[in-house]
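Single-letter residue listing:
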Amino acid sequence: MIKLLFYLIFIVSVALSAAGIILASRLRSRYKSDIFSSLLYFQVFIYTFGFYGIWGQVAVRSFLGPLLSPELLSRLSDIAILLGLPFIVFSWLMLIRFSADLSGRKRSNWFVFWFLLINFSILIILGYLTTRSRSFNTTLMIKEYYIIMNLVYFFLASYLIHFPWKGGPMIHDYDRRIIAPSLFLIMIAQCLPLLFFTAQTWLAVVFIFAFFLGNTFLPVYFTYGTLLSAFNPEPDKNIPFEEFCKRFDVSTRESEVIREICNGLSNKEISDRLFISLQTVKDHTHHIYIKTNVKSRVQLINLVKDLMNK
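First, a word on what this report is: a plain description of the structure on this page. (Residues numbered from 1 in each chain as written. Predicted model: local features only at pLDDT ≥ 70, side-chain atom pairs only at ≥ 80, totals over all residues. Heavy atoms only, no water.)

**Let's talk about the overall build of the protein**
A tally of helices and strands in the protein yields 13 helices and zero strands. The helix and strand sequence of the protein, counted from the amino end, reads α-α-α-α-α-α-α-α-α-α-α-α-α. Here the protein has roughly 16,500 Å² of accessible surface; of this, 65% comes from carbon and sulfur atoms. The centroid of the 30 positive side-chain charges in the protein is displaced by 7 Å from the centroid of its 19 negative side-chain charges. (Helix = DSSP H or I, 4+ residues; strand = E, 2+ residues; numbered from the N terminus. Areas by Shrake-Rupley, 256 points an atom, 1.4 Å probe, with all protein chains shown as cover. Lys, Arg positive; Asp, Glu negative; His and termini not counted. Charge placed at Lys NZ, Arg CZ, Asp CG, Glu CD.)

Right, here's the structure in full:
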């Protein structure tokens, strides 16, 4: 029964990994933006670690467990996860780059230098202790390293997105308020099972599922959760208003509100003209801002004029 459960989780892991990488690749191809290159690399590195570092341990313990002594089995398990740790380091780096670019911050080569220096120094020390020393519990040290660094870097990514550089964020405030706390919750969901894990099979299953599912959040959200109009490199000109509404998934009533906004009417005047309540006008306007990725009436009017070349 346990083996069947792990087989099922492995199939799910493969499917989630493929979905995350494919969606990130489509985003990069569609929007031609370096931001989504970082997202794609994050997906590739994080899932490479998942199969080397996580499923590698499962394979070692499943196939070699009956043949080896507990001490040698523990050593091989530690080596399996050490082989995957460089990939998780690069995935964290790509996550920070993606979050920084999304918030409008400039990249710093010094940050990359110190980031890699610190993390690979730790990996070298862990590798030395694993192969040379028997007095340290390297399994515990590797687990604590992953938990601490995962907490730090996911929290940093959440912070960068939630508090963008002034005037520089690439996404709407509505999206930021979803993405930042979601990353934080994903990090908690991944670290909690590990925090209490010793040898419980069910906790291992929960961690693996949370790891592979949680890391698909970003490409799924940016594919289906927002229109990302800010990333369109060169919008088409002279499109009809109906095409504008279709492109941004604007409803018939919302299109009427847009027309009146472009005519310079206030919310109260739009309410009177369309025979709807003032709150309904405000709700429609809020939804329009989200769909078109703008923050004000002026930006909305400019977007309409730009695309329709009025």
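**Describing the nonpolar core**
Within the largest apolar cluster, 59 residues are counted, with the highest numbers of intra-cluster contacts made by Leu85, Trp92, Tyr146, Ile179, Leu218 and Phe222. Among the secondary structure elements, those contributing two or more residues to this core are helix 1 (2–31), helix 2 (34–64), helix 3 (70–102), helix 4 (109–132), helix 5 (138–162), helix 6 (173–196), helix 7 (201–214) and helix 8 (217–224). Of the residues forming this core, the biggest block, 13 residues, is contributed by helix 3. Not counting the four nearest positions on each side in its chain, Ile179 is found in contact with Ile161, Ile171, Phe217, Leu218, Tyr221 and Phe222. (Core = buried A, V, L, I, M, F, W, Y, C linked by side-chain atoms within 4.5 Å. Buried < 20%, exposed > 50% of the residue type's maximum accessible area, 1.4 Å probe, protein only. Contact = heavy atoms within 4.5 Å.)

**Some points on the packing of aromatic side chains**
Following the criterion strictly, the structure yields 26 aromatic pairs and no others. Note on Trp92 and Tyr146: the rings are 6.2 Å apart at their centroids and 35 degrees apart in plane angle, and the pair reads as tilted. You can see Trp92 sitting in helix 3 and its partner Tyr146 sitting in helix 5, a full 54 residues away along the chain. There is no split in this pair, since Trp92 and Tyr146 are both buried. Centre to centre, the rings of Phe98 and Phe222 are 5.6 Å apart; their planes meet at 85 degrees, and the pair counts as edge-to-face. Of this pair, Phe98 sits in helix 3 while Phe222 sits in helix 8, and the two are 124 residues apart along the sequence. (Phe/Tyr/Trp six-rings, centres within 6.5 Å; stacked < 30°, edge-to-face > 60°.)

**Observations concerning a nonpolar patch on the surface**
Among the surface-exposed residues, Trp110, Phe113, Trp114, Leu117 and Ile118 lie close enough to one another that they form a single nonpolar patch of about 570 Å² accessible area. For Ile118, a relative accessible area of 44% puts it in the partly exposed group. (Patch = residues over 30% accessible without salt bridge, like charges linked within 9 Å, V, L, I, M, F, W, Y side chains within 5 Å. Salt bridge = Lys/Arg side-chain N within 4 Å of Asp/Glu carboxyl O.)

**Some details on the pattern of salt bridges**
The final tally for this structure, using the stated rule, is five salt bridges. For Lys291, the salt bridge identified is with Glu254, shortest N-O distance 2.9 Å. Of this pair, Lys291 sits in helix 12 (residues 278–292) while Glu254 is found in helix 10 (residues 252–262), placing the two residues 37 residues apart along the sequence. Given a relative accessible area of 22%, Lys291 falls into the partly exposed group.

**Thoughts on unusual backbone geometry**
Its identity as a non-glycine residue notwithstanding, Phe275 has a phi of 60 degrees, on the positive side. Looking at the element boundaries, Phe275 is found in the loop between helix 11 (267–274) and helix 12. On the basis of relative accessibility, which here comes to 76%, the residue Phe275 falls in the exposed class.

**Here we look at the environment of Phe217**
Inspection of the secondary structure assignment puts Phe217 in helix 8. As for Phe217 and Phe49, which are separated by 168 residues in sequence, their C-alpha atoms are 17 Å apart.

**Brief notes about helix 2**
Here helix 2 is 31 residues long and its end C-alpha atoms lie 43 Å apart, about the 45 Å a rise of 1.5 Å per residue gives. By the largest-angle criterion, Trp55 marks the main kink of helix 2, which is about 35 degrees. (Expected span 1.5 Å × (residues − 1). Bend = angle between axes of the 7 residues up to and from the residue.)

**Side note on the environment of Arg176**
Mapped onto the fold, Arg176 is located in helix 6. We classify Arg176 as buried; its relative accessible area is 11%. Within polar-contact distance, the side chain of Arg176 engages the backbone oxygen of His162 at 2.7 Å. (Polar contact = N/O pair within 3.5 Å; in protein donor to acceptor, adjacent residues only side chain to side chain.)

**Some details on helix 8**
Phe217, Leu218, Pro219, Tyr221 and Phe222 are the residues of helix 8 that are buried. The secondary structure elements touched by the buried residues of helix 8 are helix 1, helix 2, helix 3, helix 6 and helix 7.

**Observations regarding the packing of helix 10 against helix 12**
Between helix 10 and helix 12, the least distance of the axes is 10 Å, while the angle of their chain directions is 90 degrees. Taken together, the axes of helix 10 and helix 12 are roughly perpendicular relative to one another. Across the interface between the two elements, Arg253, Glu254, Val257, Ile258 and Ile261 of helix 10 pack against His284, Thr285, His287, Ile288 and Lys291 of helix 12. (Axes fitted to C-alpha atoms, helices over the stretch in contact; angles between N-to-C directions. Parallel < 35°, antiparallel > 145°, perpendicular 65-115°, else oblique.)

**Structural notes on the packing of helix 1 against helix 2**
As a packed pair, helix 1 and helix 2 sit with axes 8 Å apart at the nearest point and diverge in direction by 165 degrees. Between helix 1 and helix 2, the angle is such that the two are roughly antiparallel. Here the hand of the crossing between helix 1 and helix 2 comes out left-handed. Of the residues in the contact of helix 1 with helix 2, the class split is 18 nonpolar, six polar and one charged. (Left-handed = near helix turned anticlockwise from the far one by under 90°. Nonpolar A, V, L, I, M, F, W, Y, C, P; charged D, E, K, R; others polar.)

**With respect to the state of the cysteines**
Considering all chains together, one arrives at zero disulfides under this definition. We note that Cys245 lacks a disulfide partner, and the nearest cysteine sulfur, in Cys262, lies 9.8 Å from it. Since its relative accessible area comes to 25%, Cys262 is described here as partly exposed. (Disulfide = S-S within 2.5 Å.)

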